[in-house]
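Spelled out, the chains give:
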Amino acid sequence: MIRVLVAEDHAIVREGIKQLIGMARDLEVVGEASNGEQLMETLRKVECDVVLLDISMPGVNGLEAIPRIRALLRPPAILVLSMVFEVGLTDSRPPHAQLSEREFSVFERLVRGEGVNDIALHLAVSNKTVSTHKARLMQKLGLQSVADLVRYAMEHKLL
């Protein structure tokens, strides 16, 4: 039996993955996590063979989690999920609905005029982490500047 831990911040995607895994005779879901901190906490408590890892989770994202997972005494194999996996789920949603909770939080604060350092202090993360979220959300929304973000927020009545 292959023991799988599912780390995905979108509950509906996580549940779908768990259902798919449940249909396989030789796979078993032994844990789940919706963010990087929860993932690491679960890995300390539950033994698994494979981690299905969403690359863009809030807090400690998938890329940041990989070296932490590999540093464990008995590290599991890691299978990374990315936006290629989520394309079918996001086609009908507006671009801002594709943002993770943390990205949307950063988006809201940016359009209200907060700077990266202020957002980092409020969210208790590094300014580099906030900058990463900002870059990802800008890419997901197809925008180039904070002015574009404000315009987008106004057009979609998010401000």
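Right above here is the structure, for reference.
Worth saying up front: this structure is predicted, and the values here are computed from it rather than measured.

**Q** Teacher, can you tell me more about the overall build of the chain here?
**A** Along its length, the chain carries eight helices and four strands. Helices (α) and strands (β) of the chain occur, in sequence order from the N terminus, as β-α-β-α-β-α-β-α-α-α-α-α. Dimensions of the chain along its principal axes, counting C-alpha atoms only, are 50 × 35 × 20 Å. Burial analysis of the chain (159 residues in total) assigns 40% to the buried set.

**Q** Help me understand the pattern of salt bridges, please; the structure alone is not making it clear to me.
**A** Close approach of charged atoms lets side chains of opposite charge pair. Here the structure, examined in full by the defined rule, presents ten salt bridges. Notably, a salt bridge pairs Arg-74 with Glu-47, separated by 3.2 Å at the nearest N-O pair. On the criterion of sequence distance, the pair formed by Arg-74 in the loop between α3 (62-70) and β4 (77-81) and Glu-47 in the loop between α2 (36-45) and β3 (50-54) is long-range, its members being 27 residues apart. Its salt-bridge partner being Glu-114, residue Arg-109 comes within 2.8 Å of it at the nearest N-O pair. With a relative accessible area of 19%, Arg-109 lands in the buried category. Given the relative accessible area of 25%, Glu-114 is considered partly exposed.

**Q** Help me understand the environment of Gln-98 in this model?
**A** Its location among the elements puts Gln-98 in the loop between α4 (83-90) and α5 (101-111). Taking relative accessible area as the criterion, Gln-98 reaches 15% and is therefore assigned buried. For the pair Gln-98 and Lys-140, spaced 42 residues apart in the sequence, the C-alpha separation amounts to 7.4 Å.

**Q** Looking at this structure, I do not really get the sheet that holds strand β2 (residues 27-33). What am I missing?
**A** By way of backbone hydrogen bonds, the strands of a sheet pair with one another, either parallel or antiparallel. Spatially, four strands are ordered β2-β1-β3-β4 in an open sheet, and the strand pairing comes out parallel. Each edge of the open sheet is held by one strand with a lone partner, namely β2 and β4. Ignoring strand direction, the axes of neighbouring strands in this sheet form an average angle of 25°. Where β3 and β4 come together, five bridges link them in parallel fashion. For Asp-54, the partnering residue across the bridge sits in β4 and is Leu-81. Seen against the sheet, α3 touches β3 and β4 and runs at an angle of roughly 160° to β3.

**Q** Looking at this model, I keep getting lost on unusual backbone geometry. Mind explaining?
**A** As a rule of thumb, non-glycine residues mostly have phi less than zero, and peptide bonds are mostly trans rather than cis. One non-glycine residue, Ala-124, lies in positive phi territory at about 60°. The topology assignment puts Ala-124 in the loop between α6 (116-123) and α7 (127-141). For Lys-157, which is not a glycine, the phi torsion comes out positive at approximately 55°. By the secondary structure assignment, Lys-157 is in the segment after α8 (146-155). A residue is classified by how much of its surface remains accessible, and Lys-157, at 74% relative accessible area, is exposed.

What counts as what
- Per chain, the residues get numbers from 1 upward, laid out in the order the sequence is written.
- Local features are withheld for residues below a pLDDT of 70 in this predicted model, meaning they are given only at 70 or higher, and side-chain atom pairs are given and counted only at 80 or more; totals for whole chains, interfaces and linings count all residues.
- Side-chain calculation: all heavy atoms of the structure are included, whereas hydrogens and water are not.
- Secondary structure elements follow DSSP: runs of H or I of four or more residues count as helices, runs of E of two or more count as strands, with numbering from the N terminus.
- In this scheme, a residue with accessible area under 20% of its type's maximum is buried, one over 50% is exposed, and one in between is partly exposed, where area comes from a 1.4 Å probe on protein chains only.
- The salt bridge criterion pairs a side-chain nitrogen of Lys or Arg with a carboxyl oxygen of Asp or Glu, the two atoms within 4 Å.
- Between any two strands, pairing holds if DSSP finds at least two bridges.
- As a rule, the C-alpha atoms of each element are fitted with a line to give its axis, helices using only the stretch in contact, and angles between N-to-C directions run from 0 to 180 degrees.
- In what follows, a contact means two residues having at least one pair of non-hydrogen atoms within 4.5 Å.

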